[in-house]
Amino acid sequence: MRENASNRRKFLQDASLLSSLAFMPAIHSPIKDGTSLFVPKVQEKIIAPRLKFGVIGINHGHIYTMANSIIRGGGEFVSYFAKEPDLIKDFAKKYPTAKLVKSEAEILGDPSIQLVLSSITPVERAPLGIRVMKSGKDYMVDKPGITSLDQLAEVRKVQKETKRIYSISYSERFENKATEKASQLAQTGIIGKVVQTMGTGPHRMSIPSRPSWFFDKKYYGGIITDIGSHQVDQFLHFTKSTEGQVVASQVANHKYPQYPNFEDFGDLMLRGNGGSGYIRVDWFTPDGLNTWGDGRLTILGTEGYMEVRKNTDIASPHGTGSHLYLVTQKETLYIDCKNVELPHGELLVNDVLNRTETAMTQDHCFLATELALIAQKQATKISAK
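A short tour of the structure in this document, coming up. (Residues numbered from 1 in each chain as written. Predicted model: local features only at pLDDT ≥ 70, side-chain atom pairs only at ≥ 80, totals over all residues. Heavy atoms only, no water.)

With that settled, consider the environment of I46. You can see I46 is positioned in the loop between β1 (35-38) and β2 (51-56). On the basis of relative accessibility, which here comes to 76%, the residue I46 falls in the exposed class. Taking C-alpha positions, I46 is 6.6 Å from R72, a pair spaced 26 residues apart along the chain. (Helix = DSSP H or I, 4+ residues; strand = E, 2+ residues; numbered from the N terminus. Buried < 20%, exposed > 50% of the residue type's maximum accessible area, 1.4 Å probe, protein only.)

Time to look at the packing of aromatic side chains. Evaluation of the coordinates by the stated rule reveals 20 aromatic pairs. Between F77 and Y80, the aromatic rings sit 6.1 Å apart at their centres with planes inclined by 50 degrees, giving tilted as the arrangement. With a centroid separation of 5.0 Å and 75 degrees between ring planes, the pair formed by Y80 and F91 is classed as edge-to-face. A residue pair is termed long-range when its members are at least 10 positions apart, and Y80 in strand β3 (residues 75-81) and F91 in helix α3 (residues 85-94) qualify at eleven residues. In this pair, the class of Y80 matches that of F91, namely buried. Feature note: the residues F214, F215, Y220, Y256, Y259, F262 and W283 constitute an aromatic cluster, connected by ring pairs. If you follow R210 out to its NZ or CZ, it ends over the ring of F214, 4.5 Å from the centre. (Phe/Tyr/Trp six-rings, centres within 6.5 Å; stacked < 30°, edge-to-face > 60°. Lys NZ or Arg CZ within 6 Å of the ring centre and 35° of its normal.)

Its boundaries defined by the atoms lining it, the largest pocket holds a volume of some 780 Å³. Lining the largest pocket we find 32 residues, and of these H60, H62, H203, R210 and W292 sit closest to its centre. Contributing elements (two or more residues each) for the lining of the largest pocket: α2 (62-72), α5 (122-134), α7 (171-174) and α10 (223-239). Of the residues contributing to the lining of the largest pocket, the split by class is nine nonpolar, 15 polar and eight charged. (1 Å grid on protein atoms, 1.4 Å probe; cavity = no way out; pocket = protein on both sides within 12 Å on 5 of 7 lines; lining within 4 Å. Points joined across faces, edges and corners; volume = space filled by probe spheres on them. Nonpolar A, V, L, I, M, F, W, Y, C, P; charged D, E, K, R; others polar.)

So, in structure tokens, the structure goes:
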């Protein structure tokens, strides 16, 4: 056991990973002839408030993770505006020090607020972002941050004019610990050059909890525009592609004829100047699963590969949580990512204060959305039989 641990330590040193992978002695692994790495719990970084932010629109639960991310990164939550009393009730309990204001204008007109967050109804997100940027503030919006190519063109125009940040919260990368760890490892070159990604985004329907706009793509843009934008972002990020094209795409409504303007399945193939990608998204997660979706991401490199199991690991005792498998020319590792720190909020706060692009470049943000929108628009409609 001592010799095995020494070999693993040398392997990690050779790969320049000691700075990003703290680990404890390995225990029995479910991987045949493999080992396990467990990142020990570390004290969460506490950053004193450095900027003030507000929220306009809380129509999707992602607003909670978005706000928490900025708070962790040094944001002070000042005020919010929303129209729905039922949503406000729960939101106020979570953020009792933030003030509920009577209008959007109160937030846009507050000179102390530098950043505005939103998870308003998807079709309203781009128009709101334009108003935010024109008011001299930066903007972070839930995905899909833009629901049509016409909206994208106008957002790009205003962003270029105002030089404000228009950030879309691709939370499956920014707020998933295993994906963050995979990103750190990929940057070391441990699996060689990344040549392809394969991402799946299954979701549970939970019909009683969905608002009416959820079932009409006029309001959410379609399944690829919505869920698919997560995976497009990851494809661009891991392949380091700065250009891309949609090779093929298709959508369908296989199960819900009572909602004729809804899509429950979509997939697409992408080609970039750094690699290729395949994406599948759907609303077919069965109730028997222990979480809302068994999302996965496979990152293929010339010297190995990684598989991210974002929310659960049904093939092992690991259960729910963020899990990562790493396979190299030397060995196979399981990495428990539950204690990995998420840097996105801090990076975005830094960008707002310093006018930098460390959290995500503006070009990347818009390209991920553009490719998803093109794939949605060009998608072949599969007819249910």
